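If you want the building blocks of each chain, they are given just below.
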Amino acid sequence: MAKFEPFEKHAQKYDEWFNKNKLFYESELQAIKKLLPKNKNGIEIGVGSGRFAAPLGIKLGVDPSRKMGEIAQMRGIKFVEGIAESLPFEDSQFDFVLMVTTICFLDDVKTAFKEAYRVLKPGDCLIIGFIDAESPMGKLYEKHKNESTFYKDATFYSVKEVISYMKKAQFKDFSFRQTLFKSGEELKDIEPVKKGFGEGSFVVVRGVK
């Protein structure tokens, strides 16, 4: 539970990162859009300040940080205070569940994915967006995480590890998109989105219930 404290204390600083790193942010958004169902009733878990939910048309978000939730509400998101490991929703309620850069802050990935499975309707999907631990950016984040306000207690996962957790939660029929092929200094434009994984530092995985 302590992992969300930096977000509670520094919510505004976190939100400002997206303004300072627009090319990273826009590249990640484009990759998520490729696998996100359109015009469906979905939820973002770890909604934060609503930076992904708002432009993606997601109206409902869960997060343990009230301060982040207040910013999300200003972006038109209905905010519910809660954690991924114990979602305050009925079974089979949503058409999709989205988690973006949330998995590295979870206390219990296995339980969180089981909860996502529980609240999804049969045939619908969980979409995970994350920095691949085996990518150049993932290795850089890991190396410097003690210097970071937000990533000090984060656990970064490889694509294989994420898939393994999703399979244990009974997800199947996986699809992949990737982006952020260059490092920060080299980034001059929004990055392209490719199928698969192993090249881009930001990976989106979709699994079906």
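See the structure shown above.
None of the values given here were measured: they were computed from a predicted structure.

1. So, the packing of helix H6 (residues 109–119) against helix H8 (residues 159–168)
Right, on to step 1. Orientation of H6 relative to H8, taken along the N-to-C sense of each, is 55°, at an axis distance of 9 Å. The angle between the axes of H6 and H8 places the two elements in the oblique class. For H6 against H8, the interelement crossing comes out right-handed. Contacts between H6 and H8 involve Val-109, Lys-110 and Phe-113 on the former and, on the latter, Val-162, Tyr-165 and Met-166.
Right, on to step 2. A class-by-class count of the residues in the contact of H6 with H8 yields five nonpolar, no polar and one charged.

2. A look at the packing of helix H2 (residues 11–20) against helix H3 (residues 22–35)
Right, on to step 1. Across the interface, H2 lies against H3 with an axial gap of 5 Å and an inter-helix angle of 90°. Considering the angle they form, H2 stands roughly perpendicular to H3. Contact residues: H2 offers Trp-17, Phe-18, Asn-19 and Lys-20, while H3 offers Lys-22, Phe-24 and Tyr-25.
Right, on to step 2. For the contact of H2 with H3, the class distribution of residues is four nonpolar, one polar and two charged.

3. As for the pattern of salt bridges
Right, on to step 1. Tallying each qualifying case throughout the model produces seven salt bridges.
Right, on to step 2. Asp-15 is paired through a salt bridge with Arg-51; the nearest N and O atoms lie 2.9 Å apart. With Asp-15 in helix H2 and Arg-51 in the loop between strand E1 (42–45) and helix H4 (53–56), the pair connects residues that are 36 residues apart, well separated along the chain. Accessibility assignment for this pair places Asp-15 and Arg-51 in one class, buried.

4. Here's the deal with the sheet that holds E1
Right, on to step 1. Spatially, eight strands are ordered E3-E2-E1-E4-E5-E8-E6-E7 in an open sheet, and the strand pairing comes out mixed. A strand with exactly one partner marks an edge of an open sheet, and here the two such strands are strand E3 (78–81) and strand E7 (194–195).
Right, on to step 2. The pairing of strand E5 (residues 120–131) with strand E8 (residues 202–208) spans seven bridges and is classified as antiparallel. Counterpart to Leu-126 in the pairing with E8 is Gly-207.

5. A look at the environment of Ile-43
Right, on to step 1. Positionally, Ile-43 belongs in strand E1.
Right, on to step 2. Taking the C-alpha atoms as reference points, Ile-43 and Lys-78, separated by 35 residues in sequence, lie 9.9 Å from one another.

6. Quick look at the packing of aromatic side chains
Right, on to step 1. In total, this model carries ten aromatic pairs according to the counting rule given.
Right, on to step 2. When the ring of Tyr-157 is compared with that of Tyr-165, the centres are 5.9 Å apart and the planes differ by 90°; the resulting orientation is edge-to-face.
Right, on to step 3. Ring centres of Phe-176 and Phe-197 lie 4.8 Å apart, and the angle between their planes is 55°; on these two criteria the pair is classed as tilted. Taken together, the residues Phe-176 in strand E6 (residues 172–179) and Phe-197 in the loop between E7 and E8 connect sequence positions 21 residues apart.
Right, on to step 4. Here Phe-176 falls in the buried class, since its relative accessible area comes to 18%.

7. Describing the pairing of E1
Right, on to step 1. Across the two faces of E1 the burial is the same, with Gly-42 and Glu-44 and Ile-43 and Ile-45 all buried.
Right, on to step 2. Of the pairings in the sheet, the one linking E1 to strand E4 (residues 94–100) comprises three bridges and is parallel in character. Bridging across to E4, Glu-44 finds its partner in Leu-98.
Right, on to step 3. Across two bridges, E1 lies against strand E2 (residues 60–63) in parallel orientation. If you follow Ile-45 over to E2, its bridge partner there is Val-62.

About the thresholds
- Residues numbered from 1 in each chain as written.
- Predicted model: local features only at pLDDT ≥ 70, side-chain atom pairs only at ≥ 80, totals over all residues.
- Heavy atoms only, no water.
- Axes fitted to C-alpha atoms, helices over the stretch in contact; angles between N-to-C directions.
- Helix = DSSP H or I, 4+ residues; strand = E, 2+ residues; numbered from the N terminus.
- Parallel < 35°, antiparallel > 145°, perpendicular 65-115°, else oblique.
- Left-handed = near helix turned anticlockwise from the far one by under 90°.
- Contact = heavy atoms within 4.5 Å.
- Nonpolar A, V, L, I, M, F, W, Y, C, P; charged D, E, K, R; others polar.
- Salt bridge = Lys/Arg side-chain N within 4 Å of Asp/Glu carboxyl O.
- Buried < 20%, exposed > 50% of the residue type's maximum accessible area, 1.4 Å probe, protein only.
- Pairing = 2+ DSSP bridges.
- Phe/Tyr/Trp six-rings, centres within 6.5 Å; stacked < 30°, edge-to-face > 60°.

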